[in-house]
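If you want the building blocks of each chain, they are given just below.
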2 protein chains.
Amino acid sequence: MLSKKTKYGLKALAYLASQENKQPRQISEIAEHENISQKFLESILLTLRKTGFLGSKKGKGGGYYLIKEPSEISMATVMRVLEGPIAMIACVSLNFYEKCDDCPDEKACSVNRLMLKVRDSNLDIYRNNTLADLI
Amino acid sequence: MLSKKTKYGLKALAYLASQENKQPRQISEIAEHENISQKFLESILLTLRKTGFLGSKKGKGGGYYLIKEPSEISMATVMRVLEGPIAMIACVSLNFYEKCDDCPDEKACSVNRLMLKVRDSNLDIYRNNTLADLI
DNA sequence: AATTACCCTATCGATTTAATAGGGTTTACA
DNA sequence: TGTAAACCCTATTAAATCGATAGGGTAATT
């Protein structure tokens, strides 16, 4: 299941991308508009700033704003930062690969094969959708 | 992430499907062959029996066996029983639909749109793969 | 009658999740 | 220059879930 962290993060990014001008938007404004706990959203936006998606401005009139164009923000990178691995199991993950303890031979594993198909198709979607496609 | 319950359940089904004859296979045999905790596997096989995938035979020479042909067992139904919803968020789920608390209008929701694409593609994979395709 | 093997319930430690609390620090602006 | 606005950061917590274990009960075969 998609975590609320990811859900809220995506909504916040979409909200920022839908703004006409690029003025900073306050946490409180985003939280209210998207019905998100303000404190929780605060930590999510912090993550998105540290990972290079958002910039921030302190003090009066401050807030968060997008650093890149929405069309240049791939859902694959956003999902990896907020949700973690795109693959459903580590043995088919590109960025978070890990071997299964119980599996002597991945190539002969039925679960591996099925989940590889799922990962491929999901990766395809995430790579071919940008923030601009969400709004 | 895929739960170990689902992973083990799929492996057990695949193991049973790969057998030449249809004699019952003991829990201990499956557990050993697939490197699964026997007690944990026991509860999983019980679930699969109650949901109509497996039959069981008690007493000496007993065990579990497939009720249907592997080619008639869709991954979609298996996944729903073991893992739960195929959708990553309830508001795009066919079998486990729920409205989001925070979302006033699903049709206008960016997360909803993205996750709908993901669900469609995953559903497509699960519906078009049977147990026979795993072995 | 004894053994085999499935059946069922309860419990538990570890981890994760979502949220809350409580402040600290920086900046803009009057 | 001081004060309020708004981001920054750490710690804590309640609840849920997961994976596994324990301990026995029941049915069927030989």
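Cut-offs used in this document
Residues numbered from 1 in each chain as written. Chains lettered and ligands numbered in written order. Predicted model: local features only at pLDDT ≥ 70, side-chain atom pairs only at ≥ 80, totals over all residues. Heavy atoms only, no water. Salt bridge = Lys/Arg side-chain N within 4 Å of Asp/Glu carboxyl O. Helix = DSSP H or I, 4+ residues; strand = E, 2+ residues; numbered from the N terminus. Buried < 20%, exposed > 50% of the residue type's maximum accessible area, 1.4 Å probe, protein only. Near = heavy atom within 4 Å. Polar contact = N/O pair within 3.5 Å; in protein donor to acceptor, adjacent residues only side chain to side chain. Nonpolar A, V, L, I, M, F, W, Y, C, P; charged D, E, K, R; others polar.

Participant: Would you take a moment to explain the pattern of salt bridges for this structure?
Facilitator: Two side chains bearing opposite charge may form a pair once their charged atoms approach each other closely. Summed over the entire model, instances satisfying the criterion amount to 10 salt bridges over all chains. The salt bridge involving B:Lys22 is made with B:Glu69; its shortest N-O contact spans 2.8 Å. Taken together, the positions of B:Lys22 in the loop between helix 1 (4–17) and helix 2 (27–34) and B:Glu69 in the loop between strand 2 (63–66) and helix 4 (75–82) put the pair 47 residues apart, joining distant regions of the chain. Residue B:Glu69 is classed as partly exposed on the basis of its relative accessible area, which comes to 39%. One connected set of salt bridges, linked through shared partners, spans A:Lys7, A:Lys11 and B:Asp102.

Participant: Mind showing me how you'd approach the protein's contact with DNA strand C here?
Facilitator: In the vicinity of DNA strand C lie 27 residues, with A:Lys39, B:Gln26, B:Glu42, B:Ser56 and B:Tyr64 positioned nearest. A share of 76% of the atoms of DNA strand C within 4 Å of the protein falls on sugar and phosphate groups. With respect to DNA strand C, the side chain of B:Glu42 contributes an N or O atom lying 2.4 Å from a base nitrogen. Those elements giving two or more residues to the surface near DNA strand C turn out to be helix 1 (4–17) and helix 3 (38–50) of chain A together with helix 3 (38–50), strand 1 (54–57) and strand 2 of chain B. The greatest single-element share of the surface near DNA strand C, amounting to 5 residues, is contributed by helix 3 of chain B. Partitioned by chemical class, the residues of the surface near DNA strand C number 5 nonpolar, 9 polar and 13 charged.

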